[in-house]
Amino acid sequence: MRVPRGALLMSAACTSVALAATAPSPAAAADGPAPRRIQIALINFSDSSFADPAKARSNAQNSYFGKTRSLNSYYNEVTRQATTFKPAAGGEDGVIGPINLDIPAAGCDKDSIYGLTKKALEEQGLTWVDDFDHLSLVFPGEKAGCSFGGLGSLGGGVTWLPSGDGTVDQTVISHELGHNLGYGHQMRIRCEDSDLASCRDTPDHSFKTPMGGGGVAVGLTAPELIHAKWLSDKEAVTVAKSGTYTMRSLHGPGDGVRALIVPAGQDSLVVEVRGGSGTLDDRLAGVHAYRVKNGDFGRGATLIDTTPGDDDTLKAGTAFTDKAHKVEIKVEKSGDGAATVAVSLNGVPSPAKADGESGDGAAPQTGSSERVASGDEDGAEGTGGAGGRDGANLAETGADTTDYLPMAAGGAALLAAGGAFLLKFRRKRAAMARHAR
């Protein structure tokens, strides 16, 4: 079944409650983030279990830490070799179990699955912070009848993954661990007269990231990389005064400016250039821009779409404005994984720059967003990782979830209720080809 862009089926009202918490701060970009330890727990129910536990353990380990088509292979590439996940100490290669829970599979009681598994791990001496940063619960899904193909606590550390044989799809797992890292579902806004004052929210997703329905054939967006501090100060440049900048592809090789952060009142505008590199962005090219609300690069970024059609790239010669804050961003040149972008602040025209010369008045970006909500992912048909709009799935859930965070030293656990929604999206390859041009 093909669903037109923007089709949204609600399975539950979206609500969220965020409580303050103290959590470990990420490492600075120059030092690289500390590897995050994942404890995978295989679960058996009283009436449903893995038919071949050894095979399930092997499949789960490969899904997370394999050299290809795994969680680790995706994030290793998207962060340019700064691998961020490793097996926790529990079990063999980070996989423990199956743990036998004295509850039936039916009803997919995620809170009981989490609580009983956590208790079982504690009885074996394995606890949050001391032994692992993430807990992934992998269990037989057929009898459970879960309304989701994957579930993740956003900004927390728990994922729930129904699986027949321990295998977890790369798109699903990369999306759910993205929630753990603080990424929400990335949406888009339409601004058809090219001024942000005209922007309206849409039910459409960005399709520029696994968190926006793009699958694992696309990389993370610039706001997401900034949130996780996976771009250095020289790569993510805050514009302090009008200037013209030469930019390179966000996930391409080499050095240079990969993202511009333009202040706009309490918000920021983020500009990136995308182009094919390795397994990423093969069908995604050109300049894109995002509005980031209140400095929340993880949850608060939305794609700025100034076009009425399928092609949402900012082509050479096009511009958009935020008249309220006297900001204009114009694409001077674009092609071959690079672009020249002019930024005007406070009504001051941007001075021209020669090819290859970077902009004036750059200040380093050091901000990071809070991590405070919950999210989930559809693991149903078609989640094999097709990028962009063709074959992309985003989310399927049925009920609110609880966001669990490990206890930080001197801090408290964060609990947040998150709304759930269902989205399935398919696009014709012809439309995707037009978008990539």
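Note that the structure is a prediction, hence the values are computed from the model and not measured.

Caption draft 1: How the structure looks around the overall build of the chain. Regarding its fold elements, the chain presents 6 helices and 23 strands. Taking all 437 residues of the chain together, the buried fraction comes to 56%. Roughly 17,200 Å² of accessible area belongs to the chain as shown, and the carbon and sulfur atoms make up 50% of that amount.

Caption draft 2: Layout of the sheet that holds strand β10 (residues 243-248). A sheet is described by the order of its strands in space; here 4 strands give the open sequence β10-β17-β16-β15, paired in antiparallel fashion. The open sheet is flanked by β10 and β15 (319-322), the only strands paired with a single partner. Across the sheet, the mean angle from the axis of one strand to that of its neighbour is 20°, orientation sign disregarded. As judged from the 4 bridges shared by β15 and strand β16 (residues 327-335), these two strands associate in the antiparallel manner. Considered in β16, the bridge of Ala-319 is made with Lys-330.

Caption draft 3: Representation of the pattern of salt bridges in the model. For the coordinates displayed, the defined rule picks out 13 salt bridges. Measuring nitrogen to oxygen at the nearest pair gives 2.8 Å for the salt bridge that ties Glu-122 to Lys-118. Within this pair, Glu-122 and its partner Lys-118 are both found in helix α3 (residues 110-123), separated by 4 residues, close to a single helical turn. A single network of salt bridges, built from pairs that share partners, joins Arg-188, Arg-190, Lys-208, Asp-305 and Asp-312.

Caption draft 4: Broad picture of the state of the cysteines. The final tally for this structure, using the stated rule, is 2 disulfides. There is a disulfide in this structure between Cys-108 and Cys-146, and the S-S distance comes to 1.9 Å. Across the S-S bond linking Cys-108 and Cys-146, the dihedral sits near 85°, which makes this disulfide right-handed. One end of the pair, Cys-108, is in the loop between β3 (95-100) and α3; the other, Cys-146, is in the loop between β4 (134-139) and β5 (150-152), with 38 residues separating them in the sequence. Of the two residues, Cys-108 and Cys-146, neither departs from the other in class, the shared state being buried. A disulfide bridge connects Cys-191 with Cys-199, and the sulfur atoms are separated by 1.9 Å. Around the S-S axis, the bridge from Cys-191 to Cys-199 shows a dihedral of about 100° and counts as right-handed. Residues Cys-191 and Cys-199 agree in their burial class; the two are buried. Described in terms of the sequence order of its bonded cysteines, the disulfide pattern of the chain is 1-2, 3-4.

Caption draft 5: Representation of the environment of Ser-70 within the structure. With respect to the element layout, Ser-70 can be found in the loop between α1 (53-65) and α2 (71-78). Separated by 10 residues in sequence, Ser-70 and Ala-60 place their C-alpha atoms 9.7 Å apart. In this view, Ser-70 contacts Asn-62, Ser-63, Tyr-64, Phe-65 and Gln-170; residues no more than four positions away in its chain are not counted.

Caption draft 6: The arrangement of α2 in detail. Counting buried positions along α2 gives 7 out of 8 residues, so the element sits mostly inside the fold. Here α2 has its buried residues at Leu-71, Asn-72, Ser-73, Tyr-74, Tyr-75, Asn-76 and Val-78. Where α2 is buried, its residues contact β1 (36-44), α1, β2 (85-87), α4 (170-180) and α5 (222-227). Downstream of α2 by a residue or two, Arg-80 has a phi angle that is positive, lying close to 55°.

Caption draft 7: Main features of the confidence of the model for the chain. Taken over all residues, the pLDDT of the chain has a mean of 79, while the share at 70 or more is 73%. Confidence drops under a pLDDT of 50 for residues 1-30, and excluding neighbours within four residues, the segment shows 72 contacts in the predicted structure. Scored below 50 in pLDDT, residues 354-437 makes 318 contacts in the model with residues more than four places away or belonging to other chains.

Caption draft 8: Inspection of the packing of aromatic side chains at higher detail. Applying the stated criterion across every chain, the model contains 6 aromatic pairs. Their ring planes at 90° and their centres at 5.3 Å tell us that Tyr-74 and Tyr-75 sit as a pair that is edge-to-face. The class of Tyr-74 is buried, set by a relative accessible area of 3%. Ring plane angle 85° and centroid distance 5.3 Å describe the contact between Tyr-75 and Phe-85, whose orientation is recorded as edge-to-face. Taken together, the residues span a long stretch of sequence, with Tyr-75 in helix α2 and Phe-85 in strand β2 at a distance of 10 residues. Grouping residues by exposure puts Tyr-75 and Phe-85 together as buried.

Rules used in this analysis
Residues numbered from 1 in each chain as written. Predicted model: local features only at pLDDT ≥ 70, side-chain atom pairs only at ≥ 80, totals over all residues. Heavy atoms only, no water. Helix = DSSP H or I, 4+ residues; strand = E, 2+ residues; numbered from the N terminus. Buried < 20%, exposed > 50% of the residue type's maximum accessible area, 1.4 Å probe, protein only. Areas by Shrake-Rupley, 256 points an atom, 1.4 Å probe, with all protein chains shown as cover. Pairing = 2+ DSSP bridges. Axes fitted to C-alpha atoms, helices over the stretch in contact; angles between N-to-C directions. Salt bridge = Lys/Arg side-chain N within 4 Å of Asp/Glu carboxyl O. Disulfide = S-S within 2.5 Å. Contact = heavy atoms within 4.5 Å. pLDDT = per-residue confidence, 0-100. Phe/Tyr/Trp six-rings, centres within 6.5 Å; stacked < 30°, edge-to-face > 60°.

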